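# What the coordinates show
Residue-level listing of the chains:
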Amino acid sequence: MLGFLTARQAGLDDPLRLRRAESTRRVLSLKLNPDRDVDRIHGNGINSLDIEAVEGRYMLSGGADGVIVIYDLENFSGKPQYTCKTVCTVGSRHVHKFSVETVQWYPYDTGMFVSSSFDKTMKVWDTETLKPADVFEFEGNVYSHHLSPIARKHSLIAVGTKNPKIQLCDLKSGSRIHVLQGHRAEVLSVRWSPRYEHILATASADSKVKVWDVRRASGSLLTLDQHNGEKSKASSEAVNTAHNGRVNGLCFTGDGLYLLTTGTDDRMRLWNSATGENTLVNYGKVCNESRKRLQFTVSHGCSPEFVFVPCGSSVAVYALHTGELVTMLRGHYNNVDCCEFHPDYQVSHTEVPGSDYSLHLADIPVYLFFLKRTDLF
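As a starting point, this report considers the structure included with it.

Rules used in this analysis
- Residues numbered from 1 in each chain as written.
- Predicted model: local features only at pLDDT ≥ 70, side-chain atom pairs only at ≥ 80, totals over all residues.
- Heavy atoms only, no water.
- Helix = DSSP H or I, 4+ residues; strand = E, 2+ residues; numbered from the N terminus.
- Buried < 20%, exposed > 50% of the residue type's maximum accessible area, 1.4 Å probe, protein only.
- Contact = heavy atoms within 4.5 Å.
- Phe/Tyr/Trp six-rings, centres within 6.5 Å; stacked < 30°, edge-to-face > 60°.
- Lys NZ or Arg CZ within 6 Å of the ring centre and 35° of its normal.
- Pairing = 2+ DSSP bridges.
- Polar contact = N/O pair within 3.5 Å; in protein donor to acceptor, adjacent residues only side chain to side chain.
- Axes fitted to C-alpha atoms, helices over the stretch in contact; angles between N-to-C directions.
- Core = buried A, V, L, I, M, F, W, Y, C linked by side-chain atoms within 4.5 Å.

## With respect to the overall build of the protein
A count of helical and extended segments in the protein gives two helices and 28 strands. Relative to its 377 residues, the protein shows a buried fraction of 57%. Long-range pairs, those at least 24 residues apart, make up 49% of the contacts in the protein with a sequence separation of at least 6.

## Topic: the packing of aromatic side chains
Under the criterion given, the structure shown has six aromatic pairs. Between the aromatic rings of F118 and Y143, the centroid separation amounts to 5.5 Å while the plane-to-plane angle is 85 degrees, which identifies the pairing as edge-to-face. One end of the pair, F118, is in the loop between β8 (112-117) and β9 (121-126); the other, Y143, is in strand β11 (residues 142-147), with 25 residues separating them in the sequence. Given the relative accessible area of 8%, Y143 is considered buried. Relative to F341, the ring of F308 lies with its centre 5.4 Å away and its plane at 20 degrees, an arrangement referred to as stacked. With F308 in strand β23 (residues 306-311) and F341 in strand β26 (residues 336-342), this pair connects stretches of sequence that are 33 residues apart. Of the two residues, F308 and F341, both sit in the buried class. Cluster of aromatic residues (ring-pair linked, three or more members): W105, F113 and W125. The side chain of K292 reaches across the aromatic face of F118, ending 5.4 Å from its centre.

## Here we look at the pairing of strand β10 (residues 131-137)
As paired elements, β9 and β10 share six bridges and run antiparallel to each other. Along β10, the bridge assignment pairs V124 with D134. Hairpin connection of β9 to β10: four residues between the antiparallel strands, including L130 at a positive phi of 55 degrees.

## Remarks on the sheet that holds strand β24 (residues 314-319)
Here we have four strands laid out as an open sheet, ordered β22-β23-β24-β25, and antiparallel in their pairing. Each edge of the sheet is formed by a strand with only one pairing partner; in this case those strands are β22 (297-298) and β25 (325-330). Two strands pair when backbone bridges link them, and β24 and β25 are joined in this way by five bridges, in the antiparallel orientation. Residue pairing across strands places V317 opposite T327, the latter belonging to β25.

## Considerations on the side chain of S48
Tracing the sequence through the fold places S48 in strand β3 (residues 46-51). Side chain to side chain, S48 and Q295 meet in a polar contact 3.5 Å long. With near-sequence residues (within four places) excluded, S48 lies in contact with L60, S61, G62, E101, T102, V103, R293, Q295 and C338.

## Considerations on the sheet that holds strand β7 (residues 100-105)
The strand order β7-β8-β9-β10 describes an open sheet built from four strands, whose pairing is antiparallel. A strand with exactly one partner marks an edge of an open sheet, and here the two such strands are β7 and β10. With strand direction ignored, the average angle separating the axes of adjacent strands in the sheet is 20 degrees. Here β7 runs beside β8; their pairing, made up of five bridges, is antiparallel.

## Considering the pairing of strand β14 (residues 175-180)
With five bridges joining them, strand β13 (residues 166-170) and β14 adopt antiparallel strand pairing. Following the sheet pairing, D170 is matched in β14 by S175. Connecting the antiparallel pair β13 and β14 is a turn made up of four residues, with G174 showing a positive phi of about 70 degrees.

## Quick word on the nonpolar core
One finds L260, M268, Y283 and F308 to be the most contacted residues of the largest nonpolar core, which totals 27 residues. Setting aside residues up to four positions removed in sequence, Y283 forms contacts with L260, M268, L270, Y318, A319, L320 and G323.

## Here we look at the side chain of T102
Positionally, T102 belongs in strand β7. Assessed through its relative accessible area of 3%, T102 is described here as buried. Within the structure, the side chain of T102 is placed 3.4 Å from the backbone oxygen of Y143, a separation counted as a polar contact. Setting aside residues no more than four positions away along its own chain, T102 makes contact with S48, V114, S115, S116, Y143, S144, H145 and R293.

## Looking at the environment of Y333
Note on placement: Y333 falls in the loop between β25 and β26. As a C-alpha pair, Y333 and S314 span 19 residues in sequence and 8.6 Å in three-dimensional space.

## Structural notes on the environment of G229
Examined against the element boundaries, G229 turns out to sit in the loop between β18 (222-223) and β19 (247-252). Residue class for G229 comes out partly exposed when judged on its relative accessible area of 46%. Separated by 48 residues in sequence, G229 and E277 place their C-alpha atoms 9.2 Å apart.

Here is the structure:
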């Protein structure tokens, strides 16, 4: 540490190198914190989490009970023992009738968020009134939706439903404007690239992952192949498949150069997002029994970067590029369904709702959140 500080002071080293090194050290030191908790509002499991990127202060959660909750993560008490308070709960007549599968803040301000549900709807919410500003209806259950975190030239929401066609909904016009066809089964996860605003990745129960340029009228740009085109090693049924089972998880790295996928074949794979090449990183067995979307996440600002994946009642932490299992974060009593990583919230700790993993920090904090299916009653 002193070497980093001396080199930085002398102008011999990049200031970001110190930040990455310290962020990495602190992620590796994550441990259970008995002093942190979150208001327990949901009457059933939590399916989705999202922390807004503007202030990094407010967190959304969507539950199997159809309820959406907004939490304030800021600790104003000055005490080490603290419970993150509920700002509001969306549970009135406007709430979803069935399980909320995905929640997401509008990327540029906290005045709006979007939720989707098994009640075959996606709702755009006004945070001030807690009423839907717009409602999109679909023919089947909605498994996943995603807004681009960087888009300036479009305001599209990609939606994956029980129908194999991916729906593109326009926030400005309030209508469904385009359909992407290519999958043969329900679309379980969709994800926009954080590098190119027109690039979209989709994962399906047909074992395939496709990468699209939504400006093109034709089909997908890439269909990821776990065998990298070496058909001699693949059976005829496995050609151009990303996994040997349902693909239910997608996550880009922060720079958008790589794409991670998870499947019910208990495998996680790392792909070059530009070429579609399987990098063949071996993560070993990654337990995945979810029939729906699996929300996992990647660290930001570390060197090397880490992947946080729900694995039974724990969260497995892997080194991104080597596949090494670094540690298991334990504390829940039932299956973990989702996790979210937030690197920029400037306070002196990290915390996890439900069962808290905490690391006391100075000025380079790392937030890790994960919730389990049934321990937030």
